[in-house]
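Secondary and tertiary structure notes
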Amino acid sequence: MTIAVCIKWVNYSGPVESDTPDERFAGFSFADQAALEWALRIAEKSADEVLVLTAGPVGAEAVLRDALSRGAHRAVRIDIDLTSDSSVIARSLVGAMSQARMVWCGDYSNDRGSGSVPSFIAAELNIDQALGLVALELPENANASFTAVRRLDGGRREQLLISGPAVLSVEGSTIRLRRASLKNTMSASKQEIQVITATGDRVETPALRPYRPRPRVTLAPIGLTALERVKHITDTSSSKGHGETVHAEPSVAATLILESLRKWGYLP
Amino acid sequence: MTDADIIVVGAGPAGSCAAIAAARSGKRVVLIERGPFPGSKNMYGGVIYPRILDELIPQWFETAPIQRWVIRRSTMVLSDTGALNIDYRSNAWGQAPYNGATAYRPDFDNWLAQQAVAAGADLICSTTVTGLLRDDQGRVCGVSTDRPDGDLTASVVIACDGVNSFLAKQAGLYPNANADNYTLGVKETLSLSKHIIDERFGVRDNQGVDIEILGGTSGVNGGGFIYTNLDTIAVGVVLKLSKLSAQKKRPEDIIAELKRHPAIAPLVEGGEVVEYSAHLIPEAGLEMMPKMVADGLLIAGDAAALCLAAGIWLEGVNFAMASGMYAGQSASAAIDASNVSAASLKSYTNRLNETFVLQDHKKLRKIPHLVLSDRVQHRYPAFVTGVVERMFRVDNPTPKPGVRRIVREERKKAGIKLSELVRDALTGLKGFG
């Protein structure tokens, strides 16, 4: 089986924007490096091959050779315009990673993109996703399930049990990528890199709309003059006609409340 | 079988030229660079004279990443407030086959290393060579690196690991390293628009200027320089290491003082510092050169102290490229002859002796010490500018003094004995003549 690692080649020219980015400063993020290291560690305990993929022009092959020198078995470059939609890039990556039982990605790239490619990959493969992992505990048996800790908003953490095929994205702090041996560095420079031209199709995802509450009917203010009507709206001391205090059993009271809400337009 | 025929350590000008020459003779060459790409560790800010590349890369000037072709060369002598400037301009230097050029070495070195890769050399970056491997007979047979499983064997190692070469020292080829033989080059790169540089320095398009300065180093023996790039200028000083240390001065303060000099300030005004760097320079020429050959080992470039600092001639990259090329050729020939002993590799030093590389150094062997001597550094600038000041000053109604009288009086004022002046003049004539 294959363990796929998706790394994003970023032609990073430093904090100063340049019209002519210099590929000598290109590379991949610490998060991507951590993803590669986790994949290599799992592969060492199993018979899996590590397939490393990236999207971009010929210059992007430098990061693939770097990954090969550190122990990846095979490399694929997706020849695609890097300004393409994340879903397009994800579909192209998935098309090149047949039979991958696990997909590792970095949680962020050097250009701090949207971080959406891992999700699109999971949607395309129709497998689970565990994104934004900050800690992992690999088992002795590479095929056994293992636990991972995921970062949530507000400093919260979520513990996940990874037991089947999944897309995982990790933060750079989880592990440090190994240094390549000299022999591997030399052989990687001659290793073949498969190049696949992107299809350009988008990943179809379920249609989703943002949450929007139903409109509430508001009664027109009462009054002959504008002043009276404004006073009706703004004067908190006067009664709006809504509100009634009743003393009843809970079930009766609930029925009265629902009736009032329907009457005032808050409920259908 | 060895991992490679030839290992070249350092992908600077010497290393890349060695790799090009060796790879073209069909050898398996590994070029090892400690930086993430060739030139990434470089701080150079001078003029490159790439004529030697005609032999190695015909029409090199069509593809080399040059900033400006130097068409104006100036030598400036600074006193505290005055400046004497000798300036020569030749527009012919701005056309092929050109003379000298300014370049960003991270670009130039990278370009040169890619020529080596195109010739068939394997370029390995981000790898530091930590030592030499030796066989049972004590001959150099490879290098160890900081990578896991990092030993690499070869028939010949060419050490182009720059000034203060650890490999040459480890091989015992630098028996008497002396701080007096080194200067510290310190440089600021100032950002200025191309339009302003063109106007201030009187050039157009990709024409460039090289200004070498005597004096203006706050009393520390050395010199200054200004070089024009397309939209930056490099301004800096070269300071004798032992004097800088003894006088406890900070190099950045010395550059700041130089930039405030009335003759320099208008040239650098408004420039924003975009880079600051410093580097050792092997400045003593022939006197500090190590033995360049050992069994299985050659030394080239700055590692072999092949840097010419002779006042009006300040050259290093051309010596590095030439020595690297000859080292690559000699190593290949020795491997073809199945004899990589020091005796066989001696063809390298023979080649250096036959060419400008060592002939220039021999001819000018006394000049570096003369240029950095206390007299030339501290007394002559005041003497020369004093003479010129009085020659051009009009003191009517006082009659003009004779030049001989001015020279005599200014010499005495500067504290220079006639015998010293004659001796220095003879040394200069012998070297430059």
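Residues numbered from 1 in each chain as written. Chains lettered and ligands numbered in written order. Predicted model: local features only at pLDDT ≥ 70, side-chain atom pairs only at ≥ 80, totals over all residues. Heavy atoms only, no water.

1. Some points on a nonpolar patch on the surface
A cluster of nonpolar side chains, contributed by L418, V422, L426 and L429 of chain B, occupies part of the molecular surface with about 400 Å² of accessible area. For L418 of chain B, the position within the fold is in helix α16 (residues 418–432). (Patch = residues over 30% accessible without salt bridge, like charges linked within 9 Å, V, L, I, M, F, W, Y side chains within 5 Å. Areas by Shrake-Rupley, 256 points an atom, 1.4 Å probe, with all protein chains shown as cover. Salt bridge = Lys/Arg side-chain N within 4 Å of Asp/Glu carboxyl O. Helix = DSSP H or I, 4+ residues; strand = E, 2+ residues; numbered from the N terminus.)

2. Digging into the domain arrangement of chain A
The domain boundaries assigned to chain A delineate domain 1 (2–197) and domain 2 (211–268). Here domain 1 of chain A and domain 2 of chain A have C-alpha centroids that lie 56 Å from each other. (Domains from an automatic or database assignment.)

3. Some details on the packing of aromatic side chains
All names here are of chain B. Overall, the coordinates contain 11 aromatic pairs over all chains when judged by the stated rule. On the basis of an interplanar angle of 15° and a centroid distance of 3.6 Å, the ring pair of W69 and Y98 is categorised as stacked. Of this pair, W69 sits in strand β4 (residues 68–78) while Y98 is found in the loop between β5 (83–89) and β6 (100–102), placing the two residues 29 residues apart along the sequence. Of the residues examined, W69 reaches a relative accessible area of 4% and is grouped as buried. Each member of the aromatic cluster is reached from another via a ring pair, and the members are W60, F61, W69 and Y98. (Phe/Tyr/Trp six-rings, centres within 6.5 Å; stacked < 30°, edge-to-face > 60°. Buried < 20%, exposed > 50% of the residue type's maximum accessible area, 1.4 Å probe, protein only.)

4. Regarding the domain arrangement of chain B
Assigned domains of chain B: these are domain 1 (4–66 + 103–176 + 285–365), domain 2 (180–282) and domain 3 (373–432). One C-alpha centre belongs to domain 1 of chain B, the other to domain 3 of chain B; they are set 43 Å apart.

5. Remarks on the nonpolar core
L53, F108, I158, M292, L297 and Y348 of chain B are the most contacted members of the largest nonpolar core, which has 101 residues in total. Shared between two domains, this core takes at least three residues from each, and those domains are domain 1 (4–66 + 103–176 + 285–365) and domain 3 (373–432) of chain B. Residues contacting L53 of chain B, with those up to four places away along its chain left out, are C17, P58, W60, F108, W111, L112 and M321 of chain B. The next biggest cluster of nonpolar side chains, apart from the first, holds 39 residues, and it includes L36, W38, A130 and A166 of chain A. (Core = buried A, V, L, I, M, F, W, Y, C linked by side-chain atoms within 4.5 Å. Contact = heavy atoms within 4.5 Å.)

6. Observations regarding the packing of helix α3 (residues 86–95) of chain A against helix α4 (residues 117–125) of chain A
Residues and elements named next belong to chain A. Where α3 meets α4, the axes come as close as 8 Å, and the angle between the chain directions of the two elements is 55°. In terms of orientation, α3 lies oblique with respect to α4. α3 and α4 meet at a crossing whose hand is right-handed. On α4, the residues that touch S86, S87, A90, R91, L93 and V94 of α3 are V117, F120, I121, E124 and L125. Classifying every residue of the contact of α3 with α4 gives 7 nonpolar, 2 polar and 2 charged. (Axes fitted to C-alpha atoms, helices over the stretch in contact; angles between N-to-C directions. Parallel < 35°, antiparallel > 145°, perpendicular 65-115°, else oblique. Left-handed = near helix turned anticlockwise from the far one by under 90°. Nonpolar A, V, L, I, M, F, W, Y, C, P; charged D, E, K, R; others polar.)

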